[in-house]
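# Structure at a glance
Chain residues, written in single-letter form:
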Amino acid sequence: MTAEPARLDAPAPVAVLDRKRAEGAAARLLEHGSVVLLPDLDFDTAGFEDVMFAEVSGEGVKNVSYSPATGELKGTTAEGAAREKLKTLVARYSAWAEELVRDLAPGYAASLQVGRTSYRPRAADHNLSKRKDDRRLHVDAFPSSPVQGRRILRVFRNVNPSGEARYWRVGEPFAEHAARFLPKARAMAPGQAMLMQTLGLTKGRRTAYDNLMLQLHDASKEDDGYQASAPHWDVNFPPGATWLVFTDSVVHAALGGRYAFEQTFYVPVAAMEHPEASPLRTLERITGRTLV
Ligand code: SIN
Ligand code: FE
């Protein structure tokens, strides 16, 4: 037996498309577990270099985080005019990413929910717990913000000024990942979800689906053997690249890179072209239960 990470032989599930070809094709590719990579879209950041490449992220904080719903900006020590300028830029990225998703996946537009926006100026933090360490392969699941079955769609863009890529690893298909870690997953205690909501630990009710997704996230990140030997592809996103991915079903890890934008969207399973490929329906098939 060897502990060498298994490089998968097949081409990585990354669909490199120009904008025209992505229109109409993006939803199907994304829903089947591809990363959709658009190498040459324009997002103009001219004139914002001072706030982008200053030390804009607060001490001990991973990301600058923005709420398009409230206009609140967190995770930066920038003040006054610099803070307003940074906020303007992050808000512009949010609007740009939303327009992109509406164009590429018109079937999502009517029920698209816009989540938080982040700007990630820092290198990956090496001092995090395994659960918080996004350098370890995982699917996304949020402990305090249950999605209740909705998909997590994210739009990333590398804006690194010195040519450095953002380095990702992409892992096995979701159904295989789920089958591997689901046998160790446990149900919530009776009353747990209601108690967590009442105490304000979760925004909304943590469903059985959220519970299983969190356990996949944690079990995968905590499994040193899996992290060392899991099948994966290495994927580099060069500066100027934009990529879209359902991070709730694409097993991923961010190994390195600085200066990226990210916008999170939530999309109901009902808006999918292929709902049967969603993590909700996949977990329901495997467990034989209704999870939301
Ligand atoms: C993650 O979702 O795990 C992090 C992705 C990134 O920051 O590139
Ligand atoms: Fe993630």
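Here, the structure is the one placed above.
Our subject in this report is the structure included herewith. In this text, all values refer to a predicted model and were calculated from it rather than measured experimentally. (Residues numbered from 1 in each chain as written. Chains lettered and ligands numbered in written order. Predicted model: local features only at pLDDT ≥ 70, side-chain atom pairs only at ≥ 80, totals over all residues. Heavy atoms only, no water.)

### Some thoughts on the overall build of the chain
Cut-off, in case you're wondering: Each helix is a run of DSSP H or I of at least 4 residues and each strand a run of E of at least 2, with the numbering of both proceeding from the N terminus. C-alpha atoms define the radius of gyration, and 2.2 Å times the number of residues to the power 0.38 defines the globule rule. When a residue's accessible area, from a 1.4 Å probe over protein chains only, is under 20% of the maximum for its type it is buried; when over 50% it is exposed; and in between it is partly exposed. For this analysis, residues touch if any pair of their heavy atoms sits within 4.5 Å. Where accessible areas are quoted, they stem from the Shrake-Rupley method and a 1.4 Å probe; at the residue level, only the protein chains shown are allowed to cover. Charged residues are defined here as Lys and Arg on the positive side and Asp and Glu on the negative side; His and the ends of the chain fall outside this count. A single reference atom marks each charge: NZ on Lys, CZ on Arg, CG on Asp, CD on Glu.
Secondary structure summary: the chain contains 10 helices and 11 strands in total. Over its C-alpha trace the chain gives a radius of gyration of 19 Å, about what one expects of a compact globule, namely 19 Å for 292 residues. Seen along its three principal axes, the alpha-carbon backbone of the chain occupies a region of about 55 × 50 × 40 Å. The 292 residues of the chain split such that 49% are buried. In the chain, 82% of the contacts between residues at least 6 apart in sequence involve partners at least 24 apart. For the chain, the exposed area adds up to about 13500 Å²; of that, 53% sits on carbon and sulfur atoms. In the chain, which carries 37 positive and 36 negative side-chain charges, the distance between the mean positions of the two groups comes to 5 Å.

### So, helix 10 (residues 279-287)
Every buried residue of helix 10 is accounted for by P279, L280, T282, L283 and E284. Those residues of helix 10 that are buried lie in contact with strand 6 (151-158), helix 6 (174-181) and helix 8 (208-222). A positive phi of about 70° marks G288, the residue just after helix 10.

### Notes on the site of ligand 1
Where we set the bar: We define proximity as follows: a residue is near a molecule or strand when any one of its heavy atoms falls within 4 Å of that partner. The term polar contact refers here to a pair of N or O atoms within 3.5 Å; inside protein, the definition further demands a hydrogen-donor-capable atom paired with an acceptor-capable atom, and it admits residues adjacent in sequence only when both atoms are side-chain atoms. Side-chain classes are defined by residue name, with Ala, Val, Leu, Ile, Met, Phe, Trp, Tyr, Cys and Pro counting as nonpolar, Asp, Glu, Lys and Arg as charged, and the others, Gly among them, as polar.
Near ligand 1, the surroundings consist of R120, D134, H138, D140, R154, F156, R166, W168, H252 and A254. Within the contact set of ligand 1, an oxygen atom lies 3.0 Å away from a side-chain nitrogen or oxygen of H138. Residue R166 places a side-chain N or O atom 2.7 Å away from an oxygen atom belonging to ligand 1. Burial of ligand 1 by the protein amounts to 96% of the accessible area it has alone, namely 260 Å². Within the residue set of the shell around ligand 1, elements represented by two or more residues are strand 6, strand 7 (166-171) and strand 10 (252-256). Grouping the constituent residues of the shell around ligand 1 by class yields three nonpolar, two polar and five charged.

### A few points about helix 8
Here is the rule we go by: Expected span of a helix, by definition, is 1.5 Å for each gap between consecutive residues, and there is one gap fewer than residues.
Here helix 8 is 15 residues long and its end C-alpha atoms lie 21 Å apart, about the 21 Å a rise of 1.5 Å per residue gives. Most of helix 8 sits inside the fold, with 11 of its 15 residues counted as buried. Looking at the buried residues of helix 8, the elements they touch are helix 6, helix 9 (224-229) and helix 10.

### Regarding the pairing of strand 2 (residues 35-38)
What counts is decided by this rule: At least two bridges found by DSSP between two strands are what make those strands a pair.
Residues V35 and L37 of strand 2 are buried on one face, and the alternating residues V36 and L38, pointing to the opposite face, are buried as well. Relative to strand 2, strand 1 (residues 14-16) is paired through three bridges, and the arrangement is parallel. Note on strand 2: the bridge partner recorded for V14 is V35. In terms of strand pairing, strand 2 meets strand 9 (residues 242-246) through three bridges, oriented antiparallel. If you follow L37 over to strand 9, its bridge partner there is W243.

### Things to note about the coordination of the iron ion (ligand 2)
Under the convention used in this document: The rule for donors is simple: an N, O or S atom within 2.8 Å of the metal counts, and for Na, K and Ca the reach is 3.2 Å. Water is not among the atoms, so a site may look short of donors.
For the iron ion (ligand 2), every protein donor is listed as H138 (NE2), D140 (OD) and H252 (NE2), and the spread of their distances is 2.1 to 2.2 Å. Sequence spacing of the donor residues for the iron ion (ligand 2), all on one chain, is H-x1-D-x111-H. When its relative accessible area of 2% is taken as the criterion, H138 is described as buried.

### Quick notes on a nonpolar patch on the surface
Here is the rule we go by: Two joining distances apply to patches: 9 Å for like charges and 5 Å for nonpolar side chains (Val, Leu, Ile, Met, Phe, Trp, Tyr), and every residue must have over 30% relative accessible area and no salt bridge. We define a salt bridge as a contact between a side-chain nitrogen of Lys or Arg and a carboxyl oxygen of Asp or Glu at a distance within 4 Å.
A surface patch of nonpolar side chains, about 320 Å² in accessible area, is lined by L195, L199 and L201. Residue placement: L201 occurs in the loop between helix 7 (192-198) and helix 8.

### Things to note about the sheet that holds strand 9
As a reminder of what qualifies: Orientation is described by axes fitted as lines to C-alpha atoms, over the contacting stretch for helices, and by angles from 0 to 180 degrees between their N-to-C directions.
Read across the open sheet, the eight strands follow the order 1-2-9-6-11-5-3-4; overall the sheet is mixed. The strands lining the two open edges of the sheet, one partner per strand, are strand 1 and strand 4 (73-74). Across eight bridges, the pairing between strand 6 and strand 11 (residues 260-267) is antiparallel. Counterpart to N158 in the pairing with strand 11 is A260. Running at roughly 50° to strand 11, helix 4 (residues 80-104) makes contact with strand 2, strand 3 (64-66), strand 4, strand 5 (113-120), strand 6, strand 9 and strand 11 of the sheet.

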